[in-house]
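Summary of the model geometry
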Amino acid sequence: MIEKQSDWQERLSPGVNAIAPSGIRKFFDIAAQMEDVISLGVGEPDFVTPWSIRESCVYGLEQGYTSYTANRGMPELRQEIAALYQRRYDTSYDWDTDILVTVGVSEALDIAMRAVLAPGDEVLIPEPCYVSYQACTILAGGVPVAVPAKPENDFRITAAELEEHVTAKTKVLLIGYPNNPTGAIMTKKDLLAVADFAEKHDLIVISDEIYGDLTYGEEEHICFSSLPGMQERTILLNGFSKAYAMTGWRIGYAMGNKAIIAAMTKIHQYTMLCAPITAQVAAVEALRHGEKYMKKMVAEYDRRRRLIYDGFIKMGLECFEPKGAFYIFPSIRSTGYTSDEFAEALLQAEHVALVPGSAFGACGEGHVRCSYATSIDKISEALNRIENFLKHHSK
Amino acid sequence: MRELLELLEHDARRPVSELASMLQRSEYEVEKNIKDLEKNKIILSYNTLINWEKFGDDTVTAVIEINLTPQREVGFDAIAERIYRFDEVRTVYLMSGSFDLLVIIEGKSLKDVANFVATRLSTIEGVTATRSHFMLKPYKKDGVIINDEERDRRLVVSP
């Protein structure tokens, strides 16, 4: 019998071993021990799911909605999703063949990668980006290729930057705007250039638009598949977690061409079978009657965004004004700390938790991610503590 | 202006500096806006919602439905004024339906409130009937849930 730890390590899948451990675990462990910690490190809404959505789920349970659903999801949910996208973005997804309801965008991303990647295929990933992008690529046998987005360009990615990293092996471009962790969005002009690039190299574009409803100011979110000719080559991912404060329900969806959705459904039916029916019932209610609650939450995020942005600017930190999601990504280079050191020192000294930018890709170094999905009082107090920290701790 | 009002309605004690940041205006401008809103009686007063029961007070609240005979020229307004001028009367609404005025009264005791209705309200000329309902337990007031047990259940750090 083999008992040595190292032997077990060797027996694990090479894909799993190739994945770096999470860069935020350490902060979670420290912060979870503290009593008076204010966390700007949370990647989910502070709102509880609107009551009408919760209530519809309770009613669904009373009515006996406890079974499996169709693998692709309840027809009424897929119809609502198709109608929403047609209404808002003028897309033409067939609800029956082009949509798959998944267990959050996380599952959708995983099976999208598994459906399209062959071993060694390269995936272009603009960074900083959500922590799963690299991992899902590796687990699906692909090779992640980071394309750094620049702060001086408001963390938007350009076609020229993508061109620098494209090779004969590039198969997929994976983008996530509005962006976690930077709060960046892409303008229509930016995206049209990316669309041309995708066309030129015949790439599949996976567009994670989970924060699509959360944009602020004049610029509205542009759905990538609504761009001319892009619906066919795009796998669009979205869900209910952020816009409707439904993270724990684990419900999302993927939209794409018939062949890709059929392939993803094949994986989904053998691994997940279907998304939980309770969450699907709630999601139908969210799409039918939830928009007003969503808009109220977005208005509240917007106020907090202005408050926290103003706070960082007044402290003298270099900071890009976020245009979407609920994160702000100030530069902490002026302090002399690395982002990891800064996050740890701030947590120890002032009990404010945030996430080092390096957790979202190497080019996130020098920044920290602060979530403003928390109350105005807490944001204010956190800003005071950070200001105090800067006064006493800058190297 | 609407956004400023919404912020104040939710929390009138927000410092002007915070309001200014959130509204992307100068502090001077925000203060001036508030002054104007007060002057124009759009902002009427800044109240505090207090859970008096928790503090230890045993006040009695009654909802009174009142039927009136409207008066020439002024309709219900003159009688409504006679009623809402009383300090004991907290709220007065003109209603459609089977009664005319909905009046909320607070008093020290049941007897206190009953006495006020019998001697002060019912005797007003034009009041034809009153029906009193005593409030047993408040669950939600002005949009605020009285005993809200919902709390932040999120992980302290997450991606």
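Residues numbered from 1 in each chain as written. Chains lettered and ligands numbered in written order. Predicted model: local features only at pLDDT ≥ 70, side-chain atom pairs only at ≥ 80, totals over all residues.

For the rest of this paragraph, the subject is the packing of helix α1 (residues 2–10) of chain B against helix α2 (residues 16–23) of chain B. The relative placement of two packed helices is expressed as an angle between their axes plus a distance between the axes. Residue and element names in this part refer to chain B. Between α1 and α2, the least distance of the axes is 11 Å, while the angle of their chain directions is 140°. What the angle tells us is that α1 and α2 run oblique. Considering how the two elements wind past one another, α1 and α2 form a crossing that is right-handed. Listed contacts from α2 to Glu-3, Leu-4 and Leu-7 of α1 are Leu-19, Met-22 and Leu-23. When its residues are assigned to classes, the contact of α1 with α2 shows 5 nonpolar, no polar and 1 charged. (Axes fitted to C-alpha atoms, helices over the stretch in contact; angles between N-to-C directions. Helix = DSSP H or I, 4+ residues; strand = E, 2+ residues; numbered from the N terminus. Parallel < 35°, antiparallel > 145°, perpendicular 65-115°, else oblique. Left-handed = near helix turned anticlockwise from the far one by under 90°. Contact = placed C-beta atoms within 7 Å. Nonpolar A, V, L, I, M, F, W, Y, C, P; charged D, E, K, R; others polar.)

Once that is clear, we can look at the interface of chain B and chain A. In this complex, chain B contributes 12 residues to the contact, which on the side of chain A involves 24 residues. In the side of chain B that touches chain A, the residues fall into 5 nonpolar, 3 polar and 4 charged.

Moving on: the environment of Val-145 of chain A. Residues and elements named next belong to chain A. Looking at the element boundaries, Val-145 is found in strand β4 (residues 143–148). Accessibility expressed as a C-beta count within 10 Å gives 21 for Val-145, which makes it buried. In this structure, the C-alpha to C-alpha distance between Val-145 and Leu-124, residues 21 residues apart in sequence, is 4.9 Å. The contacts of Val-145, once residues within four sequence positions are left out, are Glu-122, Val-123, Leu-124, Ile-125 and His-165. (Buried ≥ 20, exposed ≤ 12 C-beta atoms within 10 Å, placed from the backbone.)

This brings us to the pairing of β4 of chain A. Residue and element names in this part refer to chain A. With 6 bridges connecting them, strand β3 (residues 122–127) and β4 associate as parallel partners. Considered in β4, the bridge of Glu-127 is made with Pro-148. Taken together, β3, helix α7 (residues 132–139) and β4 constitute a β-α-β crossover, and its handedness is right-handed. (Pairing = 2+ DSSP bridges. Right-handed = clockwise from strand over helix to strand, strands pointing away.)

In this model helix α12 (residues 291–315) of chain A runs 36 Å from its N-terminal to its C-terminal C-alpha over 25 residues, within 8% of the 36 Å that 1.5 Å per residue would give. Residues Met-297, Glu-300, Tyr-301, Arg-303, Arg-304, Arg-305, Arg-306, Leu-307, Ile-308, Tyr-309, Gly-311 and Phe-312 of chain A constitute the buried set of α12 of chain A. In the core, the buried residues of α12 of chain A are packed alongside β9 (327–328), β12 (368–371) and α14 (376–393) of chain A together with α2 of chain B. Positive phi shows up at Gly-316 of chain A, right after α12 of chain A, with a value of about 90°. (Expected span 1.5 Å × (residues − 1).)

Let us now look at the sheet that holds β12 of chain A. All names here are of chain A. An order of β9-β12-β11 is seen for the 3 strands of this open sheet, with the pairing classed as antiparallel. At either end of the open sheet lies a strand with only one pairing partner, and these are β9 and β11 (355–356). With 2 bridges connecting them, β11 and β12 associate as antiparallel partners. Across the sheet, Val-355 pairs through a bridge with Arg-369, a residue of β12.

Moving on to the nonpolar core. One recurring pattern in soluble globular proteins: nonpolar side chains tend to sit buried together. All names here are of chain A. Judged by nonpolar contacts, the single largest core of 133 residues is most densely connected at Ala-112, Leu-237 and Ala-254. Sorting elements by how many residues they give to this core places helix α6 (residues 104–116) first, with 8 residues. Beyond its immediate chain neighbours, meaning those up to four positions away, Ala-254 contacts Leu-100, Thr-102, Ala-108, Ala-112, Ile-235, Leu-236, Leu-237, Ile-261 and Met-264. (Core = buried A, V, L, I, M, F, W, Y, C linked by C-beta atoms within 7 Å.)

What follows is about unusual backbone geometry. Along the chain, Tyr-177 of chain A connects to Pro-178 of chain A via a cis peptide bond; the corresponding omega equals -5°. Here Pro-178 of chain A is to be found in the loop between β5 (170–175) and α9 (188–200). The phi angle at Asp-90 of chain A is positive, at roughly 60°, despite the residue not being glycine. Along the chain, Asp-90 of chain A falls in the loop between α5 (75–89) and β2 (99–102). Asp-90 of chain A sits in the exposed class, given 9 other C-beta atoms within 10 Å. At Glu-73 of chain B, a residue that is not glycine, the phi angle is positive and equals roughly 75°. Examined against the element boundaries, Glu-73 of chain B turns out to sit in the loop between β1 (60–68) and α5 (77–84).

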